[in-house]
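# Notes for the structure review
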Amino acid sequence: MTEAPHDHRAAAGVTDPELAGLLEEHWEATMRRWPTWASRLGDRRHDDLLPGADPEDHEARRREERSFLERARQLDPEGLDEADRLTREVFLEKVGGELAEDGLRFEEWTVSPRGNPVTSLGWLPEIRPLETSGDVEPLLARYRAFPSTVDGAIACLRLGLADGRVGNADSVRRTLEM
């Protein structure tokens, strides 16, 4: 007997309860880890947070993603209908690819004049426009968290430097000139 499709947006159309649960958990973890993206998508639960930027945050994210990947691998594709098998495969490719790219540890050596903690500060009000007086405090909380975001980014760059990995001179120069 085929299960009814799940209605959580991350598992829409998925009939296998275990796969649906995995997709839902992964979505929730993604919204928690990338709260500004969640805000951009209209999810207001994390409007007062910024993404974790220090080395420990990056390692925790990698561990969690590896766990999701392993759980997806353990799902027997033979027990899934055709659509759920395809969903599982897409999930494996997506998360596996992101982890492979994440192995390059861009946060430890990439410096960009377009994408850095300072430039992100300017677009915070665009992500979550102030519509009511209740919207002010979450934005202020994000601004208050900004120094720790910068400290985290610096800590990551120090790790890269200690390992001999640095951004290219032109990007560093342009970032410093901002």
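If you're wondering where the values come from, they're calculated on a predicted model, not measured in any experiment. (Residues numbered from 1 in each chain as written. Predicted model: local features only at pLDDT ≥ 70, side-chain atom pairs only at ≥ 80, totals over all residues. Heavy atoms only, no water.)

## Concerning the overall build of the chain
To be explicit about the condition: The helix and strand labels rest on DSSP assignments: H or I over at least four residues marks a helix, E over at least two residues marks a strand, and numbering proceeds from the N terminus. It only takes one pair of heavy atoms within 4.5 Å for two residues to be counted as in contact.
The secondary structure content of the chain amounts to eight helices and zero strands. Counting from the amino terminus, the chain carries its helices and strands in the arrangement α-α-α-α-α-α-α-α. The principal-axis extents of the C-alpha atoms in the chain amount to approximately 60 × 45 × 25 Å. Here the contacts in the chain between residues at least 6 apart in sequence split such that 61% fall between residues at least 24 apart.

## Focus on the environment of Met178
To keep things clear, this is the line we draw: When accessible area is computed with a 1.4 Å probe and restricted to protein chains, residues below 20% of their type maximum are described as buried, those above 50% as exposed, and intermediate ones as partly exposed.
On the secondary structure map, Met178 appears in the segment after helix H8 (169–176). Classification of Met178 as partly exposed rests on a relative accessible area of 49%. As a C-alpha pair, Met178 and Arg33 span 145 residues in sequence and 28 Å in three-dimensional space. What Met178 contacts, discounting residues up to four positions off in sequence, is Pro113, Asn116, Val118 and Thr119.

## A word on the environment of Leu23
Relative to the helices and strands, Leu23 resides in helix H1 (residues 17–33). According to the relative accessible area criterion, Leu23 is buried, its value standing at 9%. For the pair Leu23 and Pro125, spaced 102 residues apart in the sequence, the C-alpha separation amounts to 30 Å. Apart from the residues lying within four places of it in its own chain, the contact partners of Leu23 are Ala10, Ala11, Val14, Thr87 and Phe91.

## A look at the nonpolar core
This is how it is decided: Nonpolar cores are built from buried Ala, Val, Leu, Ile, Met, Phe, Trp, Tyr and Cys residues. Side-chain atoms within 4.5 Å join them into one set.
Val14, Leu22, Leu23 and Phe91 are the most contacted members of the largest nonpolar core, which totals 15 residues. At the level of secondary structure, the elements contributing two or more residues to this core comprise H1, helix H3 (55–74) and helix H4 (82–102). For this core, the element with the most residues is H1, which contributes five residues.

## Describing a nonpolar patch on the surface
Under the convention used in this document: Patch membership requires over 30% relative accessible area and the absence of a salt bridge. Like charges are linked within 9 Å, and nonpolar side chains (Val, Leu, Ile, Met, Phe, Trp, Tyr) within 5 Å. Using a 1.4 Å probe, accessible areas were evaluated by the Shrake-Rupley method; residue-level cover was limited to the displayed protein chains. In the sections that follow, a salt bridge refers to a side-chain nitrogen of Lys or Arg positioned within 4 Å of a carboxyl oxygen of Asp or Glu.
Together, Leu130, Val136, Leu140 and Tyr143 give the surface a local cluster of nonpolar side chains, amounting to about 310 Å² of exposed area. Position of Leu130 relative to the elements: it lies in the loop between helix H6 (124–127) and helix H7 (136–162).

## Thoughts on the packing of aromatic side chains
What counts, and what does not: Stacked, tilted and edge-to-face are the three classes assigned to paired rings of Phe, Tyr and Trp, where Trp is represented by its six-membered ring and a pair needs centres within 6.5 Å; plane angles under 30 degrees give stacked, over 60 edge-to-face, the rest tilted. Look at NZ for Lys and CZ for Arg. If either is within 6 Å of the ring centre and within 35 degrees of the ring normal, a charge sits over the ring.
A complete count under the given rule lists two aromatic pairs for this structure. Sitting above the plane of the Trp123 ring, Arg40 keeps its charged end 5.9 Å from the centroid.

## What about the layout of surface pockets?
The test is simple: A pocket, in this scheme, is an open set of points on a 1 Å grid over the protein atoms alone with protein on both sides within 12 Å along at least 5 of 7 lines, while a cavity is a set where a 1.4 Å probe fits but cannot get out; residues line either one if an atom lies within 4 Å of a point. Grid points are joined across faces, edges and corners, and a volume is the space filled by probe spheres set on the points.
Of the pockets and cavities examined, the second largest pocket occupies roughly 170 Å³. If you trace the second largest pocket, you find it lined by Arg32, Arg33, Trp34, Pro35, Leu50, Pro51, Gly52, Asp57, His58, Ala60, Arg61 and Glu64. Of all the elements in the fold, those that place two or more residues in the lining of the second largest pocket are H1 and H3. Examining the composition of the lining of the second largest pocket, we find that five residues originate from one element, H3, more than from any other.

## A closer look at the side chain of His58
To be explicit about the condition: Each polar contact in these results corresponds to two N or O atoms within 3.5 Å; when the atoms are within protein, one needs to be able to donate a hydrogen and the other to accept it, and residues that are neighboring in sequence are counted only if both atoms are side-chain atoms.
By the element assignment, His58 lies in helix H3. One polar contact links the side chain of His58 to the main-chain carbonyl oxygen of Ala53, over a distance of 3.4 Å. Those residues within four positions of His58 in sequence are excluded, and the remaining contacts are Gly52, Ala53, Glu107 and Cys156.

## Structural notes on H1
Let me state the cut-off plainly: Here the expected length of a helix is defined as 1.5 Å per residue gap, with one fewer gap than residues.
Taking 1.5 Å per residue as the helical rise, H1 with its 17 residues ought to reach 24 Å, and the 24 Å between its terminal C-alpha atoms agrees with that figure. Of the positions making up H1, those classed as buried are Leu19, Ala20, Gly21, Leu22, Leu23, His26, Trp27, Ala29, Thr30, Met31 and Arg33. In the core, the buried residues of H1 are packed alongside helix H2 (35–40), H3 and H4. Put simply, Asp16 is the residue that caps the front of H1, since its side-chain oxygen is 3.1 Å from the backbone nitrogen of Glu18.

## Considering the environment of Thr119
Mapped onto the secondary structure, Thr119 falls in helix H5 (residues 117–122). Along the backbone, Thr119 and Thr175 are 56 residues apart, and their C-alpha atoms lie at a distance of 9.9 Å. For Thr119, the residues in contact, after removing those within four places along its chain, are Pro113, Arg114 and Met178. Reaching out from Thr119, the side chain makes a polar contact with the backbone oxygen of Arg114 at a distance of 3.3 Å.

Remember, this is a structural readout, not a statement about activity or role.
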